[in-house]
Amino acid sequence: MGVAYPIVSEALFFVAIFWTFFHSALSPTVELGAMWPPMGIEAINPFELPLLNTVILLSSGVTVTYAHHSLIQGNRRGALYGLIFTIVLAIIFTGFQGIEYSVSSFTITDGALDLVFILVLVFMVYM
């Protein structure tokens, strides 16, 4: 039962985020201007920086898996290089996330989008 709680809570966390997005996008309220995305918010092109961030995130999964398998096989050098590459990719990913947020047309205090940020903060406090 010890492992089930974090897995279930994380799954419910993602359900809440997607539920918020789809609820706002499929049935926008008057407070959102009855349109999605809300007025004044420009949608980010998903084939630019978000795509690059996705590739970096998936690549970090590959490098940490390489480090894990190297560690199991007793290959200390491979494990070390895998972890170093993973940390470098994590730093690059985090930097690009900051750039993406700073150039976006919305902030944490805007309408329905701030609810997703609040859900993330609440999840982090309780985990």
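Residues numbered from 1 in each chain as written. Predicted model: local features only at pLDDT ≥ 70, side-chain atom pairs only at ≥ 80, totals over all residues. Heavy atoms only, no water.

Caption draft 1: Structural detail: the overall build of the protein chain. A tally of regular secondary structure across the protein chain gives 4 helices and 0 strands. Moving toward the C terminus, one meets the helices and strands of the protein chain in the order α-α-α-α. Considering the protein chain as a whole, with its 127 residues, one finds that 21% of them fall into the buried category. (Helix = DSSP H or I, 4+ residues; strand = E, 2+ residues; numbered from the N terminus. Buried < 20%, exposed > 50% of the residue type's maximum accessible area, 1.4 Å probe, protein only.)

Caption draft 2: Seen up close, a nonpolar patch on the surface. A cluster of nonpolar side chains, contributed by Leu80, Tyr81, Ile84, Phe85, Val88 and Ile92, occupies part of the molecular surface with about 550 Å² of accessible area. Along the polypeptide, Phe85 turns up in helix 3 (residues 76-103). (Patch = residues over 30% accessible without salt bridge, like charges linked within 9 Å, V, L, I, M, F, W, Y side chains within 5 Å. Areas by Shrake-Rupley, 256 points an atom, 1.4 Å probe, with all protein chains shown as cover. Salt bridge = Lys/Arg side-chain N within 4 Å of Asp/Glu carboxyl O.)

Caption draft 3: Spotlight on the packing of aromatic side chains. Taken as a whole, this structure holds 1 aromatic pair when the rule is applied. With 6.5 Å between their ring centres and 25° between their planes, Phe18 and Phe22 make a pair best called stacked. A residue pair is termed a helical-turn pair when its members lie 3 or 4 positions apart in one helix, as Phe18 and Phe22 do in helix 1 (residues 4-26) at 4 residues. Phe18 sits in the partly exposed class, given a relative accessible area of 48%. Looking at Phe22, the relative accessible area reads 44%, which means it is partly exposed. (Phe/Tyr/Trp six-rings, centres within 6.5 Å; stacked < 30°, edge-to-face > 60°.)

Caption draft 4: Just the side chain of Thr86, in detail. Relative to the assigned elements, Thr86 resides in helix 3. Exposure remark for Thr86: the relative accessible area of 13% places this residue in the buried category. Polar side-chain contacts of Thr86 include one of 2.7 Å to the backbone oxygen of Gly82. Dropping the residues within four chain positions of it, Thr86 is found in contact with Ser60, Thr63 and Val64. (Polar contact = N/O pair within 3.5 Å; in protein donor to acceptor, adjacent residues only side chain to side chain. Contact = heavy atoms within 4.5 Å.)

Caption draft 5: Geometry of the packing of helix 2 (residues 49-72) against helix 3. At a minimum axis distance of 8 Å, the contact between helix 2 and helix 3 shows a crossing angle of 160°. Considering the angle they form, helix 2 stands roughly antiparallel to helix 3. Considering how the two elements wind past one another, helix 2 and helix 3 form a crossing that is left-handed. Residue composition of the contact of helix 2 with helix 3, grouped by class: 17 nonpolar, 9 polar and 1 charged. (Axes fitted to C-alpha atoms, helices over the stretch in contact; angles between N-to-C directions. Parallel < 35°, antiparallel > 145°, perpendicular 65-115°, else oblique. Left-handed = near helix turned anticlockwise from the far one by under 90°. Nonpolar A, V, L, I, M, F, W, Y, C, P; charged D, E, K, R; others polar.)

Caption draft 6: Structural view of helix 1. Here helix 1 spans 32 Å end to end across 23 residues, near enough to the 33 Å set by a 1.5 Å rise per residue. For helix 1, the full list of buried residues reads Ser9, Phe13, Ile17, Thr20 and Ser24. (Expected span 1.5 Å × (residues − 1).)

Caption draft 7: Structural detail: the side chain of Ser60. Tracing the backbone through its elements, the reader meets Ser60 in helix 2. Residue Ser60 is classed as buried on the basis of its relative accessible area, which comes to 15%. Sequence-distant contacts of Ser60, defined by excluding residues within four places in its chain, comprise Thr86 and Leu89.

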